[in-house]
Amino acid sequence: MKVHLRYGFACLAVLTLLYVLSLPAGAQDTIKVMPPGGPAPRMADGHPDFSGLWLPNSAGQGVSGRFGVDPLARRQFDPKVTPEEPPSFQPWALAKIKAMTPTELELSKSSVNCMPRGVPAIWLQNPYSTQLVSTPGQLVQLFEVLNNFRVIPTDGRPHTRYPEPLFQGEGVGRWEGDTLVVDGISFDERTYIMPNGWFHSDALHVVERYTRPSMNYLIVEITVEDPKVLTKPWKSAPRRWTLTNDHINEFYCTNNHELDELQKLRTQELESKGK
Amino acid sequence: MKIARILGAAVITAGLLLPAVPSFAHHSFAAEFDATNCRDFTGTLTKIDWQNPHGYFYMDVKDANGKVESWSFQTYALITLKRAGIERQLFIDNIGKEVWVRGCLARNGRQNYAASGTLKFSDGILRQVGQLQD
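Within every chain, residues take consecutive numbers counted from 1 along the sequence as written. All chains are assigned letters beginning at A, and all ligands numbers beginning at 1, according to the order in which they are written. In keeping with the model being predicted, local features are shown solely for residues with a pLDDT of at least 70 and side-chain atom pairs are shown and tallied solely at 80 or more, while totals for entire chains, interfaces and linings include all residues.

Enquirer: Sorry, what's going on with the overall build of chain B here?
Expert: In DSSP terms, a helix is any run of H or I states spanning at least four residues, a strand is any run of E spanning at least two, and both are numbered starting from the N terminus. Looking only at helices and strands, chain B features four helices and six strands. Starting at the N terminus and ending at the C terminus, chain B contains elements arranged as α-α-β-β-β-α-α-β-β-β. By the burial criterion, 35% of the 134 residues in chain B qualify as buried. In this description, any two residues whose backbone-derived C-beta atoms lie within 7 Å of each other are considered to be in contact. Sequence-distant contacts in chain B: of pairs separated by 6 or more residues, those separated by 24 or more amount to 55%. Put plainly, a residue is buried at 20 or more neighbouring C-beta atoms within 10 Å of its own, exposed at 12 or fewer, and partly exposed in between, counting only other residues' C-beta atoms, which are placed from the backbone.

Enquirer: Explain the overall build of chain A to me, please; I cannot follow it from the model alone.
Expert: Assigned secondary structure in chain A consists of seven helices and twelve strands. Residue pairs at least 24 apart in sequence account for 61% of intrachain contacts in chain A once pairs closer than 6 positions are excluded.

Enquirer: Explain the pairing of strand 2 (residues 130–135) of chain A to me, please; I cannot follow it from the model alone.
Expert: Sheet faces and side chains relate simply in a regular strand, where the side chains alternate between the two faces. Residues and elements named next belong to chain A. Here, any two strands with at least 2 DSSP bridges between them count as paired. Summarising the sheet, strand 1 (residues 52–55) and strand 2 pair through three bridges and their orientation is antiparallel. Bridging from a neighbouring strand, leucine 53 pairs with glutamine 131 of strand 2. With six bridges connecting them, strand 2 and strand 3 (residues 138–143) associate as antiparallel partners. Bridged to serine 134 within strand 3 is leucine 139. In this structure, the hairpin formed by strand 2 and strand 3 is closed by a connection of two residues, where glycine 137 is found at a positive phi of approximately 90°.

Enquirer: Help me understand the nonpolar core in this model?
Expert: Here a nonpolar core is just a set of buried residues of the types Ala, Val, Leu, Ile, Met, Phe, Trp, Tyr and Cys, joined wherever their C-beta atoms sit within 7 Å. Ile193(A), Leu218(A), Val220(A), Ile222(A), Phe33(B), Leu81(B) and Ala114(B) are the most contacted members of the largest nonpolar core, which totals 59 residues. Apart from the residues lying within four places of it in its own chain, the contact partners of Ile222(A) are Pro120(A), Trp123(A), Leu124(A), Val206(A), Glu208(A) and Ser236(A). Of all hydrophobic cores here, the second largest spans five residues; its members include Ile31(A), Met34(A), Ala59(A) and Val63(A).

Enquirer: Would you mind showing me how to read the confidence of the model for chain B here?
Expert: Caution applies to low-pLDDT parts of the model: their predicted coordinates are not meant to be read in detail. Residue and element names in this part refer to chain B. Per-chain confidence: chain B averages 81 in pLDDT, with 77% of residues scoring 70 or above. On a scale of 0 to 100, pLDDT captures the predictor's confidence in every residue. Looking at the elements of chain B, mean pLDDT is at its lowest for helix 1 (residues 2–17), recorded as 41, and at its highest for helix 4 (residues 88–93), recorded as 97. Contacts for the low-pLDDT stretch residues 6–26, under 50 throughout, to residues beyond four places or in other chains number 25 contacts. Confidence estimates for the predicted assembly give a pTM of 0.83 and an ipTM of 0.79.

Enquirer: Can you help me understand the environment of Gly60(A) in this one?
Expert: Residues and elements named next belong to chain A. Following the sequence through the fold, glycine 60 ends up in the loop between strand 1 and helix 2 (71–74). Taking C-alpha positions, glycine 60 is 7.8 Å from asparagine 216, a pair spaced 156 residues apart along the chain. Once residues within four sequence positions are removed from consideration, glycine 60 is found in contact with Met34, Leu55, Asn216, Thr242, Leu243 and Thr244.

Enquirer: Just checking my understanding: could you explain unusual backbone geometry for this structure?
Expert: Backbone geometry follows two general trends: most residues other than glycine have a negative phi, and most peptide bonds adopt the trans configuration. With omega at 5°, the peptide bond leading from Val119(A) into Pro120(A) counts as cis. With respect to the helices, strands and loops of the structure, Pro120(A) is situated in the loop between helix 5 (110–113) and helix 6 (121–124). For Ser186(A), which is not glycine, the phi torsion reads 65° and is therefore positive. With respect to the helices and strands, the residue Ser186(A) is situated in the loop between strand 6 (179–185) and strand 7 (192–194). The class for Ser186(A) is partly exposed, based on 18 C-beta atoms found within 10 Å. Positive phi, close to 55°, is recorded for Asn112(B), a residue that is not glycine. In this fold, Asn112(B) is placed in the loop between strand 4 (98–106) and strand 5 (113–120). For Asn112(B), a count of 14 C-beta atoms within 10 Å gives the class partly exposed.

Enquirer: Looking at this model, I keep getting lost on the environment of Ala106(B). Mind explaining?
Expert: Structurally, Ala106(B) is set in strand 4. Judged by local crowding, Ala106(B) falls into the buried class, with 22 C-beta atoms found within 10 Å. The spatial distance from the C-alpha of Ala106(B) to the C-alpha of Glu32(B) is 6.0 Å, given a sequence separation of 74 residues. Those residues in contact with Ala106(B) that sit more than four places away from it in its chain are Glu261(A), Glu32(B), Phe33(B), Tyr113(B) and Ala114(B).

Enquirer: For this particular structure, what's the right way to read the confidence of the model for chain A?
Expert: With 88% of its residues at a pLDDT of 70 or more, chain A has an overall mean of 89. Ignoring residues within four places in sequence, the model shows residues 14–27 of chain A, a span with pLDDT below 50, making 23 contacts including any to other chains.

Enquirer: Please clarify how the pairing of strand 4 (residues 149–153) of chain A should be interpreted in this entry.
Expert: Only one face of strand 4 of chain A is covered, namely the one carrying Arg150(A) and Ile152(A); the face carrying Phe149(A), Val151(A) and Pro153(A) has none of its residues buried. Between the end of strand 3 of chain A and the start of strand 4 of chain A, which pair antiparallel, lie five residues, with Leu146(A) showing a positive phi angle near 60°.

Enquirer: Mind showing me how you'd approach the environment of Val151(A) here?
Expert: Residue and element names in this part refer to chain A. Here valine 151 is to be found in strand 4. You can call valine 151 exposed: it has 12 C-beta atoms within 10 Å. The spatial distance from the C-alpha of valine 151 to the C-alpha of alanine 99 is 37 Å, given a sequence separation of 52 residues. Residues contacting valine 151, with those up to four places away along its chain left out, are Gln138 and Val140.

Below you can see the structure in the form of structure tokens.
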């Protein structure tokens, strides 16, 4: 019995050692979900202050390209807890999306063609940081990706009479308790809602709801109405962004070899179709 | 003999416990690169292009006949590398030195061009520098 126990411990020790040695460097340091922190700060006018640099994960630090990250820390939401329904497309819109070749789909993506993501995509398909600056009556959004920015009035003003189509649309904010609600219209039709071919029409109406339930968390919920493309409005899960002490970087999209390579691939696709 | 058997079993069990190298879904990996055509490269780092949306590094790699060919490898966006603690200076410090990298080849047939995944410089540390999925 003693002999077996000894072998058992030896076996366990060897297993543990081999497992630890097999891990990539740094993997032993697990990056976990960030604690909520204390209460959210408030501005002089009493409304929540969203100021800070935010990352689209639950870790409060970069997680891509890193080993040893708790899967929960990578997420913005748990689909089991807050499921996100897929969009319900009009038949013609679904047919249009399905007709796209894989390369056409890639070329439509902001991350490939370097066009601005636009609203709401910049809150739904953006792996990079966003700096928010809250002041009474105004929210400034500085997006790291492609150096985009937005200045949103939060004083409850209505939309302008003749808004022009813009990548970020025309957003006007109002407070509902501690939630900032931004109503958006007049979007440039070259943008996509999601990087899966989900395009939009000139009837796109976006509602963004921002809350800061605690110091370290920002929650962004998006509602998309587009009756020409969707059969019913689509609502995102409440997506979590976490506060980081990192800094915002410059991100000009240049020297994109990817675009050239994909265009060559598209030519090959067209040639093979022609045969 | 018994110990050898136990050690053998332990090694096999440990192998099963090895974590898979994490893969990171990226916008265009599957469209641009062939996840079924990946291989290991060992060569000398010669140059880097440190620009967004992707960085590129270049290596002189010997083929099976000993002929040296220059290969280019795509990396993550530079911000992603930076937030993962992989700085430009690390690449600069390794120019002229031996590098190992796992890469997947371009789908459009472009020669000597691949997406990078994990990489090791001479310090032997495994780093994830690109969105390789295999």
